[in-house]
Amino acid sequence: MDHKYYSKILVVFGEDVGFGGVFRCTSGLRDRYGKDRVFNTPLCEQGIIGFGIGLAVAGTTAIAEIQFADYMFPAFDQLVNEAAKYRYRSGNLFDCGKLTVRTPCSAVGHGALYHSQSPESFYAHSPGLKIVIPRGAHKAKGLLLSCIRDPNPCIFFEPKMMYRLAVDDVPDDDYEFPLGKADVLIKGRDITLIGWGTQVHVLLEVAEIANKDFGISCEVIDLVTILPWDKQTVANSVKKTGRVIVSHEAPLTGGFGAEIAASIQEECFLYLESPIRRVTGYDTPFPHVFEQFYLPNKWKCLQAVKELVNY
């Protein structure tokens, strides 16, 4: 490998990315940029991330794809003990900030226990990583470019359901969205609904039904980034509405909704009109035949909205 060559370029690698990947996200890239920049790896997640760290430390902009977020656990040590700590343990002399890890996450409709997990909270416990979950294609492009250019290693979770459902007008030109900044998608006065990824679309539908059928005005926030997350936007909203629901597909216990709820309790306690509610997946492995009962769908969220408004 020519070090000088690879220190100036961007490479994409992972299982089957040279063929376009399972979800066709890298289709055509190898034909366009060549097999030296877009290439397949062995089926070894720890090796993929370790290789990516090495490339990034050497100066290459490395984009590693893990085929499913569920498969990233074998690389947990590389991510939390190597990538996340590289800058800190070297006293800021070295870093692997040119590493971005892309991986499909969350429910897909038929993924069952090994292809449907939402593991963002595992990695949120590791200072040194940035964690991003877009809600659609337009947001994904700007956030991915921000991750690639950020001086810290980033994990970019891509909700699988959105690959086929999200339709956006995506500009051809270069643009970025800031990491650590939430989006207020709907302004409201009665209750705040917080989610990320696929769940944002569920909450948007809940807000529409709540307003139309019950006259309840919901403020909907897309958290966008899990680490860092936008505490100020969340606090400002909750202080206004006095009620809040945090909803995510991951299990209840230890889910990132608990961190948000704790922060809201500290910052907004005297403003709350009802308890903070989490509407999430259950504390079980992700089921196959019972997927529709496991997911925090619009009816579960709507019921929570009505209960909190009438508390």
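The name an unreviewed UniProt entry assigns to the protein chain is 2-oxoisovalerate dehydrogenase subunit beta, mitochondrial, from the organism Sipha flava. The Cofactor (unreviewed entry) comment attached to the protein chain in UniProt states, word for word, "thiamine diphosphate". For the record of the protein chain, the UniProt heading Catalytic activity (unreviewed entry) holds the text "N(6)-[(R)-lipoyl]-L-lysyl-[protein] + 3-methyl-2-oxobutanoate + H(+) = N(6)-[(R)-S(8)-2-methylpropanoyldihydrolipoyl]-L-lysyl-[protein] + CO2".

Quick question: what am I supposed to make of the layout of surface pockets here?
With a probe scaled to a water molecule rolled over the atoms, the places where space remains empty come into view. Looking at the largest pocket, its volume works out to about 920 Å³. In terms of lining, the largest pocket is formed by 28 residues, of which the most central are Cys25, Leu29, Arg102, Lys141 and Leu144. Secondary structure elements with two or more residues in the lining of the largest pocket: strand E1 (10–14), helix H2 (29–33), helix H7 (137–149), strand E6 (154–159) and helix H8 (160–165). Split by residue class, the lining of the largest pocket holds 19 nonpolar, two polar and seven charged.

Explain the nonpolar core here, please?
The nonpolar side chains of soluble globular proteins are, as a tendency, buried together. Residues Tyr123, Phe157, Ile194, Leu223, Ile260 and Ile264 are the most contacted members of the largest nonpolar core, which totals 49 residues. Here the element with the most residues in this core is helix H3 (residues 45–57); it accounts for five residues. Contact partners of Phe157, with chain neighbours within four places excluded, come to Ala69, Met72, Thr103, Cys105, Pro119, Glu120, Tyr123, Ile131, Val132, Ile133 and Pro134. Of all hydrophobic cores here, the second largest spans 18 residues; its members include Val202, Val220, Cys301 and Leu308.

Procedures and definitions
- Residues numbered from 1 in each chain as written.
- Predicted model: local features only at pLDDT ≥ 70, side-chain atom pairs only at ≥ 80, totals over all residues.
- Heavy atoms only, no water.
- UniProt positions renumbered as here; feature names shortened; annotations may be inferred.
- 1 Å grid on protein atoms, 1.4 Å probe; cavity = no way out; pocket = protein on both sides within 12 Å on 5 of 7 lines; lining within 4 Å.
- Points joined across faces, edges and corners; volume = space filled by probe spheres on them.
- Helix = DSSP H or I, 4+ residues; strand = E, 2+ residues; numbered from the N terminus.
- Nonpolar A, V, L, I, M, F, W, Y, C, P; charged D, E, K, R; others polar.
- Core = buried A, V, L, I, M, F, W, Y, C linked by side-chain atoms within 4.5 Å.
- Buried < 20%, exposed > 50% of the residue type's maximum accessible area, 1.4 Å probe, protein only.
- Contact = heavy atoms within 4.5 Å.

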